[in-house]
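Single-letter residue listing:
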Amino acid sequence: MLSGFDLGHGEGTPQKPPQRFHVFREHGVASATLDAVPYEYEVALTEYGTRSELQDQLARFLAGILRSERRGDLPPVDNDSATADGAGE
């Protein structure tokens, strides 16, 4: 699932900070794969019950990323890598 993002605990250092990722799942959805995300990838997993809850959680997550970048706790996204594959255009 997230292995394509170079977040795992395999050989070497993850290429992308796991703090930039967050998995949101609807309350009541059972998945062993999703349950393993925090342990295998150090990515937070949060359940939501309503669309409004999801929107609030997403807003808090994104605001936290911006705060971390401003404090210098998280490096800014490299815009060059985003445009290299056409994704940033």
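Residues numbered from 1 in each chain as written. Predicted model: local features only at pLDDT ≥ 70, side-chain atom pairs only at ≥ 80, totals over all residues. Heavy atoms only, no water.

## Quick notes on the overall build of the chain
Where we set the bar: Only DSSP runs of H or I with at least four residues qualify as helices, and only runs of E with at least two residues qualify as strands; both kinds are numbered from the N terminus onward. The cut-offs for exposure are 20% and 50% of the maximum accessible area for each residue type, with area from a 1.4 Å probe on protein chains only; residues under the lower value are buried, those over the upper are exposed, and the others partly exposed. Here, residues are in contact when the closest pair of their heavy atoms is within 4.5 Å.
The helix and strand tally for the chain stands at three helices and two strands. A burial count over the chain gives 22% of its 89 residues as buried. Sequence-distant contacts, at least 24 apart, represent 41% of the contacts inside the chain between residues at least 6 apart.

## Description of the nonpolar core
Where we set the bar: Residues enter a nonpolar core if they are buried and are Ala, Val, Leu, Ile, Met, Phe, Trp, Tyr or Cys, with the set joined through side-chain atoms within 4.5 Å.
By size, the foremost hydrophobic cluster in this structure holds six residues: Phe21, Val23, Leu34, Val37, Tyr41 and Val43. When residues in this core are grouped by element, the largest group, three residues, is from helix H1 (residues 32-41).

## Let's talk about helix H2 (residues 51-71)
To keep it simple, the criterion reads: Expected span of a helix, by definition, is 1.5 Å for each gap between consecutive residues, and there is one gap fewer than residues.
Helix length check: H2, at 21 residues, gives a terminal C-alpha distance of 30 Å against a target of 30 Å (1.5 Å per residue), a fit within 8%. Summarising the contacts, the buried residues of H2 are in contact with strand S1 (22-26) and strand S2 (44-48). Backbone geometry just downstream of H2 places Gly72 in the positive-phi region, at approximately 90 degrees.

## So, the confidence of the model for the chain
Let me state the cut-off plainly: Within a predicted model, pLDDT stands for the predictor's per-residue confidence, ranging from 0 to 100.
Looking at the chain as a whole, its pLDDT mean stands at 80, while 74% of the residues score no less than 70. Note on residues 80-89: pLDDT under 50 across the span, and four contacts to partners over four residues away in sequence or across chains.

## Here's the deal with the packing of aromatic side chains
To keep things clear, this is the line we draw: To pair, rings of Phe, Tyr and Trp, with the six-membered ring standing in for Trp, must have centres within 6.5 Å; the planes then decide the type, stacked if under 30 degrees apart, edge-to-face if over 60, and tilted in the middle.
Evaluated as defined, the whole model comprises one aromatic pair. With centroids separated by 6.3 Å and ring planes inclined at 75 degrees, the aromatic side chains of Phe24 and Phe61 adopt a geometry described as edge-to-face. Residue Phe24 is found in strand S1, and its partner Phe61 is found in helix H2; the two are separated by 37 residues along the sequence. A relative accessible area of 17% places Phe61 in the buried class.

## Topic: the pattern of salt bridges
The cut-off we apply is this: The salt bridge criterion pairs a side-chain nitrogen of Lys or Arg with a carboxyl oxygen of Asp or Glu, the two atoms within 4 Å.
In total, this model carries four salt bridges according to the counting rule given. The partner of Arg25 in a salt bridge is Asp35, and the shortest N-O contact between them spans 2.7 Å. One end of the pair, Arg25, is in strand S1; the other, Asp35, is in helix H1, and ten residues separate them in sequence. The salt bridge partner of Arg25 is Glu47, with a shortest N-O separation of 3.3 Å. Separated by 22 residues along the polypeptide, Arg25 in strand S1 and Glu47 in strand S2 bring together distant segments of the chain. Within this structure, Arg25, Asp35 and Glu47 form a network of salt bridges that share partners.

## Description of the pairing of S1
Consecutive residues of a regular strand have side chains that alternate between opposite faces of the sheet. We count it as follows: At least two bridges found by DSSP between two strands is the condition for calling them paired. Looking down the strands as they point away from you, a crossover is right-handed if its path from the first strand over the helix to the second goes clockwise.
Of the strand pairs in this sheet, S1 and S2 are connected by five bridges, and their pairing is parallel. Within S2, the position partnered with His22 by the bridge is Ala44. Remark: the S1/H1/S2 crossover connection has right-handed handedness.

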